[in-house]
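Commentary on secondary and tertiary structure
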Amino acid sequence: MDHVDRILAQWNRERPDLDVEPMGLLGRIARLRTHLAREVEKALSAHGLNSASFDVLATLRRSGPPYRLSPGDLIATTMVSSGTMTNRLDQLEKAGLIERENNPDDRRGVIIALTPKGLALVDAAVTDHVENQHKLLDGLDAQERAALDGLLRKFLGAFE
């Protein structure tokens, strides 16, 4: 029995009239998210990053050379507000990981670009991040991972 099983047993005892099966599935997803996020943050902190700063740097990195995007493209990809993005960019710029450049297509706008320091850092961080993700999934074999991935894709697809 896991923690969620104990909660479900209590609800079944106290409210046998309720079907609490969804509570079990969603509770396990929520608890897994907490555990996984903690482990991801640990791995990223070794590089002086958190998931928010890594998200911006990784988005720029996977955009391909020259590793530049407009703030609007970053906001759309990371799904945060413009105020949140501005704060993230300010911190990354202070750290010398990104720079704001004039947008050659729109003199009123800027382009966000990885600096060489930012590129080196995100490359090291993503290498460790992927290694950590493999470790986090060690408890499942390849077939189980594929089945879980398919189920989660279907579940997520209902929302997106």
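Residues numbered from 1 in each chain as written. Predicted model: local features only at pLDDT ≥ 70, side-chain atom pairs only at ≥ 80, totals over all residues. Heavy atoms only, no water.

1. Things to note about the pairing of strand 2 (residues 98-103)
As judged from the six bridges shared by strand 2 and strand 3 (residues 106-114), these two strands associate in the antiparallel manner. In the strand pairing of strand 3, isoleucine 98 is matched with leucine 114. Between the antiparallel neighbours strand 2 and strand 3 lie two residues. (Pairing = 2+ DSSP bridges. Helix = DSSP H or I, 4+ residues; strand = E, 2+ residues; numbered from the N terminus.)

2. Examining the packing of aromatic side chains
The final tally for this structure, using the stated rule, is one aromatic pair. Aromatic pair phenylalanine 155 and phenylalanine 159: ring centres 5.6 Å apart, planes at 75°, arrangement edge-to-face. (Phe/Tyr/Trp six-rings, centres within 6.5 Å; stacked < 30°, edge-to-face > 60°.)

3. Things to note about the confidence of the model for the protein chain
With 100% of its residues at a pLDDT of at least 70, the protein chain reaches an overall mean of 95. The spread of mean pLDDT over the elements of the protein chain runs between strand 3, the lowest at 90, and helix 6 (residues 116-136), the highest at 98. (pLDDT = per-residue confidence, 0-100.)

4. Digging into the sheet that holds strand 3
Strand order in this open sheet of three strands is 1-3-2, and the pairing throughout is antiparallel. Each edge of the open sheet carries a strand with a single partner, namely strand 1 (68-69) and strand 2. Of the strand pairs in this sheet, strand 1 and strand 3 are connected by two bridges, and their pairing is antiparallel. Pairing of arginine 68 across the sheet is with alanine 113, part of strand 3. The strands touched by helix 5 (residues 82-94) within the sheet are strand 2 and strand 3, with strand 2 carrying the most contacts at an inclination of about 115°. (Contact = heavy atoms within 4.5 Å. Axes fitted to C-alpha atoms, helices over the stretch in contact; angles between N-to-C directions.)

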